[in-house]
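# Breakdown of the fold
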Amino acid sequence: MTKLTSLIATIILTASLSSATAAEPAHSLTVSEGFTNPLGFYDASPTFSWKLPVGVERQTAYQLEVTSDGETWDSGWVESDQSTLVPYGGKPFESRDEVEWRVRYRDAAGDESRWSEVATFEMGLLSKEDWQAKWIRPSQDKPDVREPVAWLQRSFDLPAGVKQARLYVTARGMFDLALNGKKVGQEYFANGWTSYNNRIDILTYDVTDQLAKGENKFAASLGCGWYAGQLMGKKDRGIYGQLPELLLQLEVTLEDGSTATIVSDDQWQGTWHGPITFSSIYDGEIYDARREVSGWEQVAVEDLNDAKLAPKPFAPVRQTELVATQKITEPEPGRFVFDLGQNMVGWERLKIPVEAGKTVTVRFAEMLNQDGTMYTENYRGAKSTDTYTAAETGTIEWEPQFTFHGFRYVELSGLPEGAKPSEDWVTGVVLHTDLPKIGLFASSHDKLNQLQSNIIWGQRGNFLDIPTDCPQRDERMGWTGDAQVFCPTSMFNYDCHAFWKAWMRSLRDDQLPNGAIPHVLPDALGHGGSPGWVDAATIIPWEVYVRTGDKEILAENIDMMEKLIGYYRSKSKDGLVTEIEAFGDWLQPYSPRTQGDTPAPLLGTAFYGHSARLTAKAARTLGRDDLADKYDAEADEVAKAFAAHYFDGKGNLQNAPQTQTAYLLAIAFDLIPDDQKQAAVENVVRLVEEADGHLRTGFLGTPYLISVLDERGYHDLAYDLLLKETYPSWFYSINQGATTMWERWNSYSHSDGFGNAGMNSFNHYAYGAIGQWMYERVAGLAPDPAQPGYKHLIVKPLIDGPLTSAKAELETPFGTASSAWTKSGDSAQLTVVVPPNTTATLTLPGGDKSQELKPGEHEFEVKLDKGGA
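Described in the following lines is the structure provided in the data block. (Residues numbered from 1 in each chain as written. Predicted model: local features only at pLDDT ≥ 70, side-chain atom pairs only at ≥ 80, totals over all residues. Heavy atoms only, no water.)

## Structural notes on the overall build of the chain
Counted only if it meets this: Helix numbering and strand numbering both begin at the N terminus, where a helix is a DSSP run of H or I of at least 4 residues and a strand a DSSP run of E of at least 2. Between the two quantities, the radius of gyration covers C-alpha atoms and the globule rule is 2.2 Å times the number of residues to the power 0.38. Only protein chains enter the accessibility calculation, which uses a 1.4 Å probe; a residue whose area is less than 20% of its type maximum is buried, one above 50% is exposed, and one in between is partly exposed. Two residues form a contact once any of their heavy atoms are found within 4.5 Å. Two residue types count as positive, namely Lys and Arg, and two as negative, namely Asp and Glu; His and chain ends fall outside the count. The atoms used to mark charge sites are NZ of Lys, CZ of Arg, CG of Asp and CD of Glu.
What the chain contains, in helices and strands, is 15 helices and 51 strands. The C-alpha radius of gyration computed for the chain amounts to 28 Å, which stays within 12% of the reference 29 Å derived for 869 residues, consistent with globular compactness. When the backbone C-alpha atoms are referred to their principal axes, the chain occupies close to 80 × 70 × 55 Å. Evaluated residue by residue, the chain yields a buried proportion of 62% over its 869 residues. Within the chain, counting contacts between residues at least 6 apart in sequence, those at least 24 apart form 74% of the total. When the 78 positive and 120 negative side-chain charges of the chain are each reduced to one mean point, those points stand 2 Å apart.

## Topic: the nonpolar core
To be explicit about the condition: Nonpolar core, defined: a set of buried Ala, Val, Leu, Ile, Met, Phe, Trp, Tyr and Cys residues in which side-chain atoms within 4.5 Å join the residues together.
Among the nonpolar cores identified, the biggest contains 234 residues, and Trp50, Leu451 and Trp500 are the most heavily contacted of them. In terms of nonpolar packing, the next biggest core, distinct from the first, is built from 34 residues, Leu179, Leu203, Val207 and Ala260 among them.

## Digging into the environment of Leu415
Examined against the element boundaries, Leu415 turns out to sit in the loop between strand 35 (405-413) and strand 36 (426-433). On the basis of relative accessible area, Leu415 is assigned to the buried category, the value being 13%.

## Describing helix 9 (residues 625-646)
Condition: Every helix has an expected span of 1.5 Å times one less than the residues it contains.
Across its 22 residues, helix 9 extends 31 Å between first and last C-alpha, which sits within 8% of the 32 Å expected from 1.5 Å per residue. Buried within helix 9 we find Leu627, Ala628, Tyr631, Asp632, Glu634, Ala635, Val638, Ala639, Ala641, Phe642, Ala643 and Tyr646. As for helix 9, its buried residues are in contact with helix 7 (552-570), strand 41 (576-577), helix 8 (600-621) and helix 10 (660-668).

## Remarks on the sheet that holds strand 4 (residues 47-51)
Put simply, the rule is: Two strands qualify as a pair provided DSSP detects at least 2 bridges between them.
Taken in spatial order, the three strands make up an open sheet running 2-4-8, and their pairing is antiparallel. In this open sheet, the two edge strands, each paired with only one partner strand, are strand 2 (27-31) and strand 8 (86-87). Where strand 2 lies against strand 4, three bridges are found, and the strand directions are antiparallel. For His27, the partnering residue across the bridge sits in strand 4 and is Lys51.

## So, the packing of aromatic side chains
In this description, an aromatic ring pair is defined by two values, namely the gap between the centres and the angle between the planes. Rules: Pairing of aromatic side chains requires ring centres within 6.5 Å, counting the rings of Phe and Tyr and the six-membered ring of Trp. Pairs whose planes differ by under 30 degrees are stacked, by over 60 edge-to-face, and all others tilted. For a Lys NZ or an Arg CZ to count as sitting over a ring, it must be within 6 Å of the ring centre and within 35 degrees of the ring normal.
Scanning the model with the defined rule gives 57 aromatic pairs in all. Here Phe699 and Tyr767 contribute two aromatic rings whose centre-to-centre distance is 5.2 Å and whose plane-to-plane angle is 85°, an arrangement assigned as edge-to-face. One end of the pair, Phe699, is in the loop between helix 11 (674-690) and helix 12 (702-711); the other, Tyr767, is in the loop between strand 43 (753-754) and helix 15 (771-779), and 68 residues separate them in sequence. Of the two residues, Phe699 and Tyr767, both sit in the buried class. Ring pairing ties together the aromatic residues Phe35, Phe41, Tyr42, Phe48, Trp73, Tyr88, Phe93, Trp101 and Phe121, which thus form one cluster. Lying across the ring of Trp115, Arg102 places its NZ or CZ 4.0 Å from the centre.

## Details of the state of the cysteines
Let me state the cut-off plainly: Only a pair of cysteine sulfur atoms within 2.5 Å qualifies as a disulfide here.
Scanning the model with the defined rule gives zero disulfides in all. This cysteine, Cys470, is not joined by any disulfide, and Cys496 carries the nearest cysteine sulfur, 19 Å off. With relative accessibility at 0%, the residue Cys470 sits in the buried group. Counting only cysteine sulfurs, Cys487 is the nearest neighbor of Cys496, a cysteine outside any disulfide, at a range of 7.5 Å.

## So, the environment of Phe48
Examined against the element boundaries, Phe48 turns out to sit in strand 4. With 38 residues separating them along the chain, Phe48 and Val86 place their C-alpha atoms 4.9 Å apart. When sequence neighbours within four positions are dropped, the list of residues in contact with Phe48 reads Thr30, Val31, Leu64, Val66, Ser83, Thr84, Leu85, Val86, Tyr88, Trp101 and Phe121.

## Regarding the pattern of salt bridges
Put simply, the rule reads: One side-chain nitrogen of Lys or Arg within 4 Å of one carboxyl oxygen of Asp or Glu is enough to make a salt bridge.
For the coordinates displayed, the defined rule picks out 57 salt bridges. Close ionic contact of Asp509 with Arg199 constitutes a salt bridge, the shortest N to O distance being 3.2 Å. Placement of Asp509 in helix 5 (residues 497-510) and of Arg199 in strand 17 (residues 199-206) is noted, with a sequence separation of 310 residues between them. A relative accessible area of 14% places Arg199 in the buried class. Arg408 is paired through a salt bridge with Asp339; the nearest N and O atoms lie 2.8 Å apart. Taken as a pair, Arg408 in strand 35 and Asp339 in strand 29 (residues 335-354) lie far apart in primary sequence, 69 residues in all. A relative accessible area of 18% means that Arg408 is categorised as buried.

## Quick word on the sheet that holds strand 50 (residues 851-853)
Strand order in the open sheet formed by four strands is 44-45-49-50, with mixed pairing between adjacent strands. Edge strands, defined here as strands with exactly one partner in the open sheet, are strand 44 (782-783) and strand 50.

## Concerning helix 12
Burial runs high along helix 12: eight of the ten residues are buried. Inspection of helix 12 places Thr702, Tyr704, Leu705, Ile706, Ser707, Val708, Leu709 and Asp710 among the buried residues, and these make up the whole buried set. For helix 12, the secondary structure elements touched by its buried residues are helix 8, helix 10, helix 11, helix 13 (715-722), helix 14 (730-735) and helix 15.

## Things to note about the pairing of strand 4
The buried fraction of strand 4 amounts to five of the five residues, a majority that puts the element mostly inside the structure. Residues Thr47, Ser49 and Lys51 of strand 4 are buried on one face, and the alternating residues Phe48 and Trp50, pointing to the opposite face, are buried as well. With two bridges connecting them, strand 4 and strand 8 associate as antiparallel partners. By the bridge assignment for strand 8, Phe48 is matched with Val86.

## Some points on unusual backbone geometry
Residues Ala190 and Asn191 are joined by a peptide bond in cis, for which omega reads 10°. Assignment of secondary structure puts Asn191 in the loop between strand 16 (187-188) and strand 17. Phi at Arg380 takes a positive value of approximately 55°, unusual for a residue other than glycine. As for its placement among the helices and strands, Arg380 is situated in the loop between strand 32 (374-375) and strand 33 (385-389). Of note in this structure, Tyr590 is not a glycine but carries a positive phi near 70°. With respect to the helices, strands and loops of the structure, Tyr590 is situated in the loop between strand 41 and helix 8.

## Some remarks on the packing of helix 12 against helix 13
For clarity, the threshold we go by: Angles run from 0 to 180 degrees between N-to-C directions of axes, and those axes are lines fitted to C-alpha atoms, restricted for helices to the stretch in contact. For classification purposes, angles smaller than 35 degrees are called roughly parallel, those larger than 145 roughly antiparallel, those between 65 and 115 roughly perpendicular, and all remaining angles oblique. Here a crossing is called left-handed whenever its near helix is offset anticlockwise from the far helix by less than a right angle, and right-handed whenever the offset is clockwise.
Here helix 12 crosses helix 13 at 160°, and the two axes come no closer than 7 Å. Here helix 13 runs roughly antiparallel to helix 12, going by the angle between their axes. Seen from above, helix 12 lies across helix 13 with left-handed handedness. Together, Leu705, Ile706, Leu709 and Asp710 of helix 12 and His715, Leu717, Ala718, Leu721 and Leu722 of helix 13 make up the contact between the two elements.

Structure (structure tokens):
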């Protein structure tokens, strides 16, 4: 039994509240999904958020002033404690509008703060009517290579100095742009991957300082990318188009008051002849420094089509880290392998000696064979090879442009004879969607900390404009099943609010006529319908809402949710799904089938019921009670049918194999009566024991295994499974040297070598879903769905267990929250930080009641049972 002492907490709380006064202004002003002073903003009717100073307990009222083009919308004093996602009540903004805004608040005593500092945003081009530009590409015949690179250029004169300049640009494909010899922006793979036939994202740049009076010059290069390049299942052609194209519009205000607009049109020149002769996402890049850009001719021009053009509503891909070489080996003569020490995603930056006319070949691998050579079989059809042919003898610095690789090891061959490599020859450039890191988890267990590191690196490697399954083989798709299981974990580690909300556009754009969601988004395969995959349409919006409080993500997707339920309904009879395409409990260990042993109809019925319930919750949150009642009734019908068919009334499965996943989904999705759940979880325990204390779950069952056991009182078993060292377990891959999450529980072992190369990614975040339980229960920092967006926190640390310390810290929409505990002798010290304008409920293991916490820092001494647990 645990015992807590709250005297210390009262002292710390009082001290923290006296450290600030209401005179201090609000800070960290953001618009919509957390944008700070954005340029090229997309939302014509945004929401506003701010944070209160530490020490201010709560807000009782606010006043907003929003000014654009000389007109001010003043909210007046609004009696409300809402300080996140506050709706704008003025006239919707228009393209190019420049907006300033500020806020002030009243505290619990009614005292008014000073005005905040002014925040700004500037709208992008919101309508196709804003565009004068046309799509352009080289007019010459495409070279006889599958994925060529295009070059475009235009010179233009400006008659006066530049006061302000905005550049709006996008591509069908990938673009890299220079203005007067300097790269525009710091983005890579711009503009990203959307459902191109429906929607194309626009990037906006302030290029005022890159322009000058007189002659100026644009120089652009275009890669085929996702638009016109090879994608899984489409080996010989782009699924959206055949050639990359550029769309650009530069709007300049000159110092003399005049304006100039430069657009992509027939005034540009283009060519296919340049140093990059081939660049492919899967196969790498071929660079020949002997080939200068030449053969310029007037470009081909194409009018805008029906695809929507809109400002990009989330961060682009950028360089976020450089990784140094840790070790160099030469397993074969002339082949040097550089070990970066970390599986990562991006590309190589080379600083190497070269010989004129000779080609250096660069290969990549996540793992090495036992003889130290590169293991590339798991890349399947992806060649993932770069080459550099030198124009002159000497030392060059080079990195590719329109490809990326998943790798830890870089192999160089074709170097000058006698060259002795050094570690600075190869640097790893880490590339991913540039999301703010907001979460921290640490514990007393080194392997648990390594697991968290692997989760982080798996997320970084696979959040590359879309949430991909893997970053290295001939796939790299936005698999919906992987995404939905990992969503809650991802949102603790990084601020993914805008990222997930934007990806939902592709789900809506590409939803199939029968209501099913494609397996991958954007839809590059043309089919879908698998339970646990299609449900990304209901699970992700709900999980994002719980962690942000953003009702808009529910409103935007409620129609899609309803169509999905219609799909399930079409596959069912009397509430039971009968026949359905299914990936199943993917890669369940020890199953003879990659789909696992849990039957597709059972999975279909379980996820049907779960998605119907989530649709009801979304509808009720939106105030659509009639719709909520409809889907609650449908969910009840499905649950009743599920329980009657698959359970015997005593908590035992029938009409299906005894699998851990079947029991877990029945409990987690509330598909069986409460009086059967204890017996059902005892069956889970029995199956774990029969598996010698191990899990037997794949992609769909694993996210619920630990949490269900924990919620039903089996804390020790939950911890045992988390910290298990042997196969299958989370630590098993760590014991084999993993630095990222793996696709299989046994993708590699020291004793048996590599798993099936046909499905063997060493960077696959799905099993990283365990992170949610680590943050929310081991450390004890969780959101409350009833008061979403961390307006109220659930602090329920699992101190009873084998760890001696754990900590979770999160930058919530209201400020920093944390829960940290450390054991010492027969007690533990717990420190909880509650952000301003929020509250928390603290519950300790064995405690007979909960305690409500106000904003501030609270310290507790927790008395432990004899033995310290």
